[in-house]
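# Examining the three-dimensional arrangement
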Amino acid sequence: MKIKLLGFLMASMLSVVVLGQTKERWQQAIKYEMEIDMDVETHRFEGKQKAVYTNNSPDELNKVFYHLYFNAFQPNSMMDVRSRTIKDPDRRVGDRISKLSEDQIGYQKILSLKQNGKKVDYEVVGTILEVDLNKPIKSGETVTFEMEFEAQVPEQIRRSGRNNAEGISYSMAQWYPKMSEYDYQGWHANPYIGREFHGVWGDFDVKITIDKDFVLGGTGYVQNPNEVGHGYQAEGVKPGKGKNGKLTWHFIAPQVIDFMWAADPDYTHVKAQVPDGPELHFLYQKNEKTAENWEKLPEYTVKAFEYMNKTFGKYPYKQYSVIQGGDGGMEYPMSTLITGERSLGSLVGVTVHEMFHSWYQGVLASNESLYEWMDEGFTSFGSAETMNVIMEQGQENPQSGNYRGYYALAESGYEEPMSTHADHYVTNFAYGRAAYSKGATFLGQLRYIMGEDVFYPAMRTYFNEWKFKHPNDNDFIRVMEKASGLELDWFKEYWVYSTKQIDYGIKSVMEKDGKTFVTLEKYGEMPMPLEVTVTYNDGNSELIYIPLRIMRGEKSFSSDANATVMADWPWVYPTYTFELNQSASNIKSMVIDEKEGMADVDRENNVFDAAKHLKSTFDK
Ligand SMILES: [Zn+2]
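So, a few notes on the structure that sits alongside this text. (Residues numbered from 1 in each chain as written. Predicted model: local features only at pLDDT ≥ 70, side-chain atom pairs only at ≥ 80, totals over all residues. Heavy atoms only, no water.)

## A closer look at the overall build of the chain
The condition is simple: The helix count covers DSSP runs of H or I at least four residues long, the strand count covers runs of E at least two residues long, and both are numbered beginning at the N terminus. Note that the radius of gyration is over C-alpha atoms, with the globule rule given as 2.2 Å times the number of residues to the power 0.38. Between buried and exposed lies partly exposed: a residue is buried under 20% and exposed over 50% of the maximum accessible area for its type, with that area taken using a 1.4 Å probe on protein chains only. Any two residues whose heavy atoms approach within 4.5 Å are treated as being in contact. Only the protein chains shown count as cover for residues, and the accessible areas themselves come from Shrake-Rupley with a 1.4 Å probe. Lys and Arg are tallied as positive, Asp and Glu as negative. Neither His nor the chain termini are counted. Each charge is placed at NZ for Lys, CZ for Arg, CG for Asp and CD for Glu.
Scanning the chain for helices and strands turns up 13 helices and 31 strands. For 620 residues, the compact-globule estimate of 2.2 N^0.38 gives 25 Å, and the C-alpha radius of gyration of the chain, at 27 Å, lies within 12% of that figure. Taken along its principal axes, the extent of the C-alpha atoms in the chain is 95 × 70 × 45 Å. The buried share of the chain, taken over its 620 residues, is 57%. Look at the contacts in the chain between residues 6 or more apart in sequence, and 70% of them connect residues 24 or more apart. Accessible area for the chain stands at about 26,100 Å²; split by element, carbon and sulfur atoms hold 48% of it. Distance between charge centres in the chain, computed from 66 positive and 88 negative side chains, equals 3 Å.

In structure tokens, the structure reads:
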């Protein structure tokens, strides 16, 4: 198929040009209509799902795949075995899945499935439903799948589940049969072993019937607020009474990759408004462990949204909900589930982090299995910057915690390239540090390479150009290259596809005829452009900037930086010498990368030490 296509393209250079220039990357499309009826005694629900699926790919599809995430919560599931055999298991899971009884496990059972009104053959294989289509779906064609299913919510929280540690009844993530993504890299029917997701952009129309005392929140806009009440109704309206003790909640969510909901009879529901931004909903159980900090949370959340919108691009939905539930903090479209019994700093921190995912997981939605760092890392970078501003932390480098996380990974001996599929890291530690810390450090270093004035507008360009398109690492770096005029592929290749490290140092300082010659050495394998800050005894200082030849350009400095641009450094040269027009005795201090923008694994050799470096005569 591929070879044929290639041949065709090569035969007609004209079509290469036309395709390359005009055809955007295609996206599959799906419209879900779901109705579920929840039994809060048995924690089971029955569901009907209609999915209208459009194949926008150039390929004919003979199969489709759905995710059945709840099936992971069963003894001997892949998630259970993975949790029991990995060297450093997630404390929240451990061996607990292996001990779940029949009425504690999770499941999604498919009762029937039709394609355009006709029954289709399917097989449930762990957490994946494999469907053999009656008729292939042609490129451009739309088909309708109708499904009946039955599910039990597991009594074990890993993102989703019932009765979490803080007593929240239902954390309903990954609760419905969800169509796998088919994109330019093919099908992504990843078995669920606990890591994150990839999905088709879809419009959701969801009706949830549940005991009338339960308060709900999650992805999507409530369509019948006056009927369901619980703080959603217009002022003065008396909500409906429901039928047989139950109410039906109707939600709509346009253009999202997933749909989460949570429910608890004891939620307090508070609203706030971001000026020129979304309406915020907060749902939490009010008690002595939560009341004080959750009352302050809306104020900080509003500030965070304003900063994030201004700095990283505008959040496109009209609503966002912060909901107590789950097992830590997990992001979903238009909402998050977080544990709520926390200090104020921790509560605001987790909220800001999860909200930030709306940009990188929710709207850009890079495949989190293949490019986990483009979600967790970029989110960690952005949330550190935001926390510094809204909590008035006054940190000179808000990324220093992320850099430290990377250094610990680099030293550990467990590091794997950041390009590793999220499910396939050997340890949870290596996954976590790569995705979060090394991913954030990716952006921290790009900001260092490009300069702040170019970096932030480029981040907004990236958001605006790639929203709703699942960008990959190359898509991202191309935006950065165009914005900076620099060649940056080398940076991506080293940082993402290798575990090579950065280490530069001052090798020697020599004086001749009242001038000083400084020799730097590249000890690490990864090249970087360098900034050397020299401070003289008279109090003046200058910034010596050495670009890399393979960048084919230079960083843009702000006018007050007093930067001297030196000749570029061809990376194969182990050393580099530059000249200062002052005698070495006038140098008070000299340091490579004073602001610590570069993730140099050994900073000790970055600092000028007269006793060690100064040589009175030229050896050569
Ligand atoms: Zn995260």
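## Re the coordination of the zinc ion
Around a metal, the perfect tetrahedron of four donors has angles of 109.5 degrees, and the perfect octahedron of six donors has angles of 90 or 180 degrees. As a reminder of what qualifies: Donor selection uses N, O and S atoms within 2.8 Å of the metal (3.2 Å for Na, K and Ca). Since no water is included, sites may look incomplete.
The protein atoms that coordinate the zinc ion are H353 (NE2), H357 (NE2) and E376 (OE), at distances spanning 2.0 to 2.1 Å. Within one chain, the residues donating to the zinc ion are spaced in sequence as H-x3-H-x18-E. Taken as a pair, H357 in helix α6 (residues 344–363) and E376 in helix α7 (residues 372–390) lie far apart in primary sequence, 19 residues in all. The two residues H357 and E376 agree in class, both being buried.

## Regarding the sheet that holds strand β2 (residues 44–54)
Using the following cut-off: Any two strands with at least two DSSP-identified bridges between them are counted as paired.
Across the sheet, eight strands lie side by side as β5-β4-β8-β2-β1-β14-β17-β16; this open sheet has mixed pairing. Lying at the two open borders of the sheet, with one neighbouring strand each, are β5 (118–119) and β16 (221–222). Where strand β1 (residues 29–39) meets β2, 11 bridges bridge the pair, whose relative direction is antiparallel. Residue E35 lies in a different strand from β2, and its bridge partner there is K48.

## Comments concerning a nonpolar patch on the surface
Under the convention used in this document: Patch membership requires more than 30% relative accessible area and the absence of a salt bridge. Residues of like charge join within 9 Å; the nonpolar side chains Val, Leu, Ile, Met, Phe, Trp and Tyr join within 5 Å. By salt bridge we mean one thing: a side-chain nitrogen of Lys or Arg within 4 Å of a carboxyl oxygen of Asp or Glu.
A cluster of nonpolar side chains, contributed by W571, V572 and Y573, occupies part of the molecular surface with about 320 Å² of accessible area. Within the secondary structure, Y573 sits in the loop between β28 (563–565) and β29 (575–580).

## Focus: the environment of E123
When you line up the elements, E123 lands in strand β6 (residues 121–125). For E123, a relative accessible area of 48% puts it in the partly exposed group. A sequence separation of 58 residues divides E123 from F65, and the C-alpha atoms of the two residues are 9.8 Å apart.

## Things to note about the packing of helix α5 (residues 291–312) against α6
Each pair of packed helices gets described by two things: the angle between the helix axes and the distance between those axes. Using the following cut-off: Between N-to-C directions, angles cover 0 to 180 degrees, with each direction set by a line fitted to C-alpha atoms, over the stretch in contact for helices. When the near helix sits turned anticlockwise from the far one by under a right angle, the crossing is termed left-handed; a clockwise turn instead gives a right-handed crossing. Gly is placed with the polar residues, together with every amino acid not listed as nonpolar (Ala, Val, Leu, Ile, Met, Phe, Trp, Tyr, Cys and Pro) or charged (Asp, Glu, Lys and Arg).
Packing of α5 against α6 leaves a shortest axis separation of 10 Å and a crossing angle of 35°. As α5 packs across α6, the resulting crossing turns out to be right-handed. Contacts from N293, W294, K296, L297, Y300, T301, A304, F305, M308, N309 and F312 in α5 reach L344, L347, V348, T351, V352, M355, F356, W359 and Y360 in α6. Its residues assigned to classes, the contact of α5 with α6 comprises 15 nonpolar, four polar and one charged.

## What about the pattern of salt bridges?
Counted by the stated rule, this structure contains 26 salt bridges. For the salt bridge of K438 with E415, the shortest nitrogen-to-oxygen distance reads 3.0 Å. Residue K438 is located in helix α9 (residues 428–450), and its partner E415 is located in the loop between α8 (400–412) and α9; the two are separated by 23 residues in the primary sequence. One salt-bridge network, held together by shared partners, links D90, R92, R158 and D327.

## Some details on the environment of E596
Along the chain, the position of E596 falls in the loop between β30 (587–592) and α13 (610–613). Spatially, the C-alpha atoms of E596 and Y448 are 8.8 Å apart, while their sequence positions differ by 148 residues. Not counting the four nearest positions on each side in its chain, E596 is found in contact with N397, Y403 and R603.

## Here we look at helix α3 (residues 78–85)
Our working definition: To be clear, the arc concerns the directions from the helix axis to the C-beta atoms.
Taken together, the buried positions of α3 are occupied by M79, D80 and S83. In an axial view of α3, the angular spread of the buried residues amounts to 100°, which keeps them on one side of the axis. Exposed and oriented more than 90 degrees from the buried face of α3 are M78 and T85.

## Describing the pairing of strand β27 (residues 541–546)
Where strand β26 (residues 530–536) and β27 come together, six bridges link them in antiparallel fashion. Among the inter-strand pairings, V534 is bridged to a residue of β27, identified as E542. Here β26 folds back onto β27, and the loop between the two strands holds four residues, one of which, G539, carries a positive phi near 95°. By the bridge criterion, three bridges tie β27 to β28 in an arrangement that is parallel. Bridge pairing links Y545 to V565 in β28.

## Some words on the nonpolar core
Most often, soluble globular proteins have nonpolar side chains that are buried together. Note the following rule: Among buried residues, the Ala, Val, Leu, Ile, Met, Phe, Trp, Tyr and Cys ones that are joined through side-chain atoms within 4.5 Å form a nonpolar core.
If you look at the biggest cluster of nonpolar residues, it comprises 184 residues, and the most contacted ones within it are F145, W175, I210, W261, F442 and L446. Excluding residues that lie within four positions of it along the chain, W175 makes contacts with M34, I36, F45, F70, Q108, F149, V206, F259, M260 and W261.

## A closer look at the pairing of strand β17 (residues 246–256)
Bridge count for strand β14 (residues 202–211) against β17 is nine bridges, and the pairing is antiparallel. Residue pairing in the sheet places T209 in a bridge with T248 of β17. One ladder, built from two bridges, connects β16 with β17; its direction is antiparallel. Note that in β17 the partner of V222 across the bridge is F251.

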